Amino acid sequence: DKVAVQALTQTLYAEGRTRSLMTLFSQLSQQNPSDLSLKNNLAMTALLLGAQELRPNDLAKDVYLKAPTNSSFASTYAFALHLQKKDAEALKIFEKMPPSALDQPSIAGYYGLVLQATGNPEKALPYLNWAFKGSMLPEERKLFDQARTEANAKPVARSSTSG
């Protein structure tokens, strides 16, 4: 029953139970293999938890290739690329999105992460801050907090004396 699944999903999300969400998305995805939103949600939760046994990078890429204009799917794939240290590729994906997509807190945070990783802390900060306007999972909060701290950090002046 779709209503029950939605209610359960919202409860688990509100309680920050990422692992339970991942398990739910995994089971639902097996029942509905063509549901791209379920696959995307499974990929995202698995990426956040580092659950490589679910092959989240492949899932994210697969979903993105089937619907490249879906900003949520694109954001998940870009995050997967970021975790693989392919930040230049991730940035290209974000740059293809309509600007309105980057106004969504759930996407803005990931864009901020990639901007920070590609050496644009000044540009990253407003997006990282905007992410906190939306609801997020504990793992996302930790990621965005860390990136925000790094973006706010002033570069340390290096001493040029040799010894």
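Right above here is the structure, for reference.
The shown structure was predicted, so the numbers you read here are calculated from the model rather than taken from an experiment.

1. Some words on helix α3 (residues 36-49)
And step 1. When the terminal C-alpha atoms of α3 are compared, their 20 Å separation across 14 residues agrees well with the 20 Å that a helix rising 1.5 Å per residue should span.
And step 2. For α3, the buried fraction is high: ten of the 14 residues fall into the buried class.
And step 3. Of all the positions in α3, only Leu38, Lys39, Asn40, Leu42, Ala43, Met44, Thr45, Ala46, Leu47 and Leu48 are classed as buried.
And step 4. Elements that come into contact with the buried residues of α3 comprise α2 (18-31), α4 (56-66), α5 (71-83), α8 (105-117) and α10 (138-152).
And step 5. Two or three places before Ser37, at the start of α3, stands the capping residue Asp35, its side-chain oxygen 3.0 Å from that residue's backbone nitrogen.
And step 6. Trailing α3 by a residue or two, Gly50 shows a phi angle of about 65°, which is positive.

2. Notes on α8
Each full turn of the α-helix corresponds to 3.6 residues, which orients residues three or four apart in the same direction.
And step 1. Counted at 1.5 Å a residue, the expected span for α8 with its 13 residues is 18 Å, and the 18 Å between its end C-alpha atoms agrees.
And step 2. Along α8, ten of the 13 residues are buried, which leaves the element largely enclosed by surrounding structure.
And step 3. Buried residues of α8: Ile107, Ala108, Gly109, Tyr110, Tyr111, Gly112, Leu113, Val114, Leu115 and Gln116, and no others.
And step 4. The inward-facing, buried residues of α8 abut α3, α5, α6 (87-96), α7 (99-102), α9 (121-131) and α10.
And step 5. Positioned one or two residues after α8, Gly119 has a phi angle of 85°, which is positive.

Cut-offs applied
- Residues numbered from 1 in each chain as written.
- Predicted model: local features only at pLDDT ≥ 70, side-chain atom pairs only at ≥ 80, totals over all residues.
- Heavy atoms only, no water.
- Helix = DSSP H or I, 4+ residues; strand = E, 2+ residues; numbered from the N terminus.
- Expected span 1.5 Å × (residues − 1).
- Buried < 20%, exposed > 50% of the residue type's maximum accessible area, 1.4 Å probe, protein only.
- Contact = heavy atoms within 4.5 Å.
- Polar contact = N/O pair within 3.5 Å; in protein donor to acceptor, adjacent residues only side chain to side chain.

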